Amino acid sequence: MTTSSKKRSALFRFLDRRLIQDFILPTNRFILLAGVGAIVNITAFVWDKDSVEPVFWSYNALLILLSGIDLLLLPKRSSWIVQRKLPEQMDVRSSAQISIELGAQGIAHVQVEVMDDLPPTFQLESGQFSGAFRGTAPSIFYTVKALERGKYDFKFVYLRYWGGMGLWKKQVRIQHQAEIEVYPDLSQVRGVLGAVQDALILEGHRLFKKQRSGSEFSYIRDYVQGDDIRHINWKASARTTKLMTNLFQPEKGKIVTLVLDCGRQMAIELEGQVKLDRTLEAALTLAAVALKQGDQVSLVAYSNQVKVYVPPGKGLPHLQALTRAVYDLRTDFVESSTHVAFTHVLRFLKKRSLVVLFSDMESYLYDQEMLPYVQRLRRSHHVLLLSLQDPLIHGWVRIRAEDSKQAYRQSMAHKFTTDRYAYVAKMAGNGIPVMDVPADQLTLSAVNAYLDLKSRDHL
């Protein structure tokens, strides 16, 4: 660093300290007194011009003296003790309460205004940010809403306080480091985990679950009309003198592999959320259902490289591990590569698995590498491709073309829609299901497809 740059740096540090960290500004009382002084001087000028100068200097000297005393009475920045209390984690688009506790040494009575260093993606909903400090430790509470998931830092707390004669306010910046983790919306996950085993409920809908199927013995119950006679337990029937039947359930311990596309197409906003957020919430809900059914879940997130890999695991602790691995996942402004993702999946996935790819239809349409890799995966695994429909394209298909611009827009929308339907039919002909569904049906479609495979014992 040169001498001149050192001097500039010192100057900038001084300006930062005096204009941002430690700053004073006049109160309304000081402005009022200054205004009264101006009126007094004008009056003196009108009545007696010779008395203007003594009145001017006397009044302003008194005001300066009072200001100096007032500033000396204000506490220093080092006198304040700040404690911020915030939850370690919260869900995106949900509210959380944060409290700031103030403490001080040798401060009798001041009025305090507080402002916290909120991250840009946090929205303030309500709170009280001013009050009287009388030597106790008051707590200031406010409520915020996080608009985007991820990890965020709170670095500073800003205080503005005044007291004594109330002529000047002092503003200080106090460093207090804290961080909070904003998770995806987990309301659907909690609903699934809290549901009864035989009545999974999601968004008010009963999830499809065929009961009398599978190869793993569950329990014995009374025979009812319609039961498969091949499952009658003759020994139990002889002991109880009535027909008893074995009930089977799908085999547990299978593997569900979630593959999340984090390329640039997933950064497109769809009904208030980017596509990655939509697919992330659906993937975590599917993981919760699979873990609840006794299966294992692994996860791969990729763009032009593998960003996250979570090996297969089971149980509630593994769901927490999955959530922590992807809660701050971001899209990359690159084209995603299915070659990278499926090569990684084929390398680590040895047992038969259900591979669910959450991506975008445009990526499916123009990715020439996808079909060979999906066909190779399909030899040993079940594969399901999911994408979100674009409501804008569906709206353009239905518009009434009144000019050439709208006609062109409608024709392009028809072409895109036809291409999507043709791709779904082409992949179905190769035995690979593709589900192009609206955003609000993505979670239900993914979970029902999994439960359908599970009930038919195809997983």
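Residues numbered from 1 in each chain as written. Predicted model: local features only at pLDDT ≥ 70, side-chain atom pairs only at ≥ 80, totals over all residues. Heavy atoms only, no water.

Moving on to the overall build of the protein chain. Broken down by element type, the protein chain carries 13 helices and 22 strands. In the protein chain, buried positions account for 44% of the 459 residues. The long-range share in the protein chain, meaning contacts at least 24 apart out of those at least 6 apart in sequence, stands at 72%. Carbon and sulfur atoms make up 56% of the accessible area of the protein chain, which amounts to about 24700 Å² in all. (Helix = DSSP H or I, 4+ residues; strand = E, 2+ residues; numbered from the N terminus. Buried < 20%, exposed > 50% of the residue type's maximum accessible area, 1.4 Å probe, protein only. Contact = heavy atoms within 4.5 Å. Areas by Shrake-Rupley, 256 points an atom, 1.4 Å probe, with all protein chains shown as cover.)

A few words now on the packing of helix H6 (residues 275-292) against helix H7 (residues 316-326). Look at H6 against H7: their axes get within 10 Å of each other, and the N-to-C directions meet at 165°. Regarding the angle of H6 to H7, the classification is roughly antiparallel. The element H6 and its partner H7 pack so that their crossing is right-handed. Contacts from Leu280, Leu284, Ala287, Ala288 and Leu291 in H6 reach His318, Leu319, Leu322, Thr323 and Val326 in H7. In the contact of H6 with H7, the residues fall into eight nonpolar, two polar and no charged. (Axes fitted to C-alpha atoms, helices over the stretch in contact; angles between N-to-C directions. Parallel < 35°, antiparallel > 145°, perpendicular 65-115°, else oblique. Left-handed = near helix turned anticlockwise from the far one by under 90°. Nonpolar A, V, L, I, M, F, W, Y, C, P; charged D, E, K, R; others polar.)

Summarising burial for strand S10 (residues 168-183): 13 of the 16 residues are buried, a large majority. As paired strands, strand S1 (residues 22-26) and S10 are joined by five bridges and run antiparallel to one another. Along S10, the bridge assignment pairs Leu25 with Lys169. Note: strand S9 (residues 150-162) against S10, eleven bridges, orientation antiparallel. The residue bridging Lys151 from the neighbouring strand is Glu181, located in S10. Here S9 folds back onto S10 in antiparallel fashion, the turn holding five residues, of which Gly164 has a positive phi close to 65°. (Pairing = 2+ DSSP bridges.)

In this section: the sheet that holds strand S22 (residues 434-437). Spatially, six strands are ordered S19-S18-S15-S20-S21-S22 in an open sheet, and the strand pairing comes out mixed. The open sheet terminates on both sides in strands that have one partner only, identified here as strand S19 (306-313) and S22. Sheet twist, expressed as the average angle between the axes of neighbouring strands with direction ignored, equals 15°. Here seven bridges tie strand S15 (residues 255-261) to strand S18 (residues 296-302), and the two strands are oriented parallel to one another. Counted as the bridge partner of Asp261 is Tyr302 from S18. Those strands touched by H6 are S15, S18, S19, strand S20 (353-358) and strand S21 (382-388), and its axis lies near 175° from that of S15.

Attention now moves to a nonpolar patch on the surface. On the surface, a nonpolar cluster with roughly 530 Å² of combined accessible area is contributed by Ile42, Phe45, Val46 and Trp47. Residue placement: Ile42 occurs in helix H2 (residues 28-47). (Patch = residues over 30% accessible without salt bridge, like charges linked within 9 Å, V, L, I, M, F, W, Y side chains within 5 Å. Salt bridge = Lys/Arg side-chain N within 4 Å of Asp/Glu carboxyl O.)

This part takes up the nonpolar core. Of all hydrophobic cores here, the largest spans 46 residues; its most connected members are Leu258, Leu299 and Phe358. Tallying contributions element by element places H6 first for this core, with eleven residues. (Core = buried A, V, L, I, M, F, W, Y, C linked by side-chain atoms within 4.5 Å.)

Let's shift gears to the packing of aromatic side chains. Enumeration according to the criterion identifies eight aromatic pairs in this entry. Looking at Lys169, its charged tip hangs above the ring of Trp162, at a distance of 4.5 Å from the centre. (Phe/Tyr/Trp six-rings, centres within 6.5 Å; stacked < 30°, edge-to-face > 60°. Lys NZ or Arg CZ within 6 Å of the ring centre and 35° of its normal.)

With that out of the way, let us pick up the sheet that holds strand S6 (residues 122-127). Taken together, the four strands give an open sheet; going across it, the order is S2-S4-S8-S6, and neighbouring strands pair in antiparallel fashion. The strands lining the two open edges of the sheet, one partner per strand, are strand S2 (80-85) and S6. Strand-to-strand twist in this sheet, taken as the mean axis angle between neighbours without regard to direction, amounts to 30°. As judged from the five bridges shared by S6 and strand S8 (residues 139-146), these two strands associate in the antiparallel manner.

Here helix H13 (residues 442-455) contains 14 residues, and its C-alpha end-to-end distance of 20 Å stays within 8% of the 20 Å for a straight helix at 1.5 Å per residue. Burial of H13 is extensive: twelve of the 14 residues sit out of reach of the surface. Those residues of H13 not exposed but buried are Leu442, Thr443, Leu444, Ser445, Ala446, Val447, Ala449, Tyr450, Leu451, Leu453, Lys454 and Ser455. (Expected span 1.5 Å × (residues − 1).)

In the sheet, S2 pairs with strand S4 (residues 95-104) via six bridges, with the strands oriented antiparallel. In the sheet register, Val82 faces S4, and the bridge partner there is Leu102. Pairing analysis gives seven bridges linking S4 to S8, with the strands arranged antiparallel. Paired with Ala96 across the strands is Val144, a residue of S8.

It is worth spelling out the side chain of Gln265 at this point. Within the element layout of this structure, Gln265 appears in the loop between S15 and strand S16 (269-270). Setting aside residues up to four positions removed in sequence, Gln265 forms contacts with Lys275, Asp360, Glu362 and Ser363.

To continue, consider the pattern of salt bridges. Evaluated as defined, the whole model comprises 16 salt bridges. Of the charged contacts in the structure, one is a salt bridge between Arg324 and Glu181, with a shortest N-O distance of 2.9 Å. Residue Arg324 is located in helix H7, and its partner Glu181 is located in strand S10; the two are separated by 143 residues in the primary sequence. For Arg324, a relative accessible area of 44% corresponds to the partly exposed category. Ionic pairing is found between Lys415 and Asp419, a salt bridge with its closest N-O pair at 3.0 Å. You can see Lys415 and its partner Asp419 sitting in helix H12 (residues 404-429), four residues apart, about one turn around the helix. Residue classification places Lys415 among the partly exposed positions, given a relative accessible area of 43%. Look at Asp419 and you get partly exposed, because its relative accessible area is 25%. When salt bridges that share partners are traced, they join Arg93, Asp185 and Glu281 into one network.

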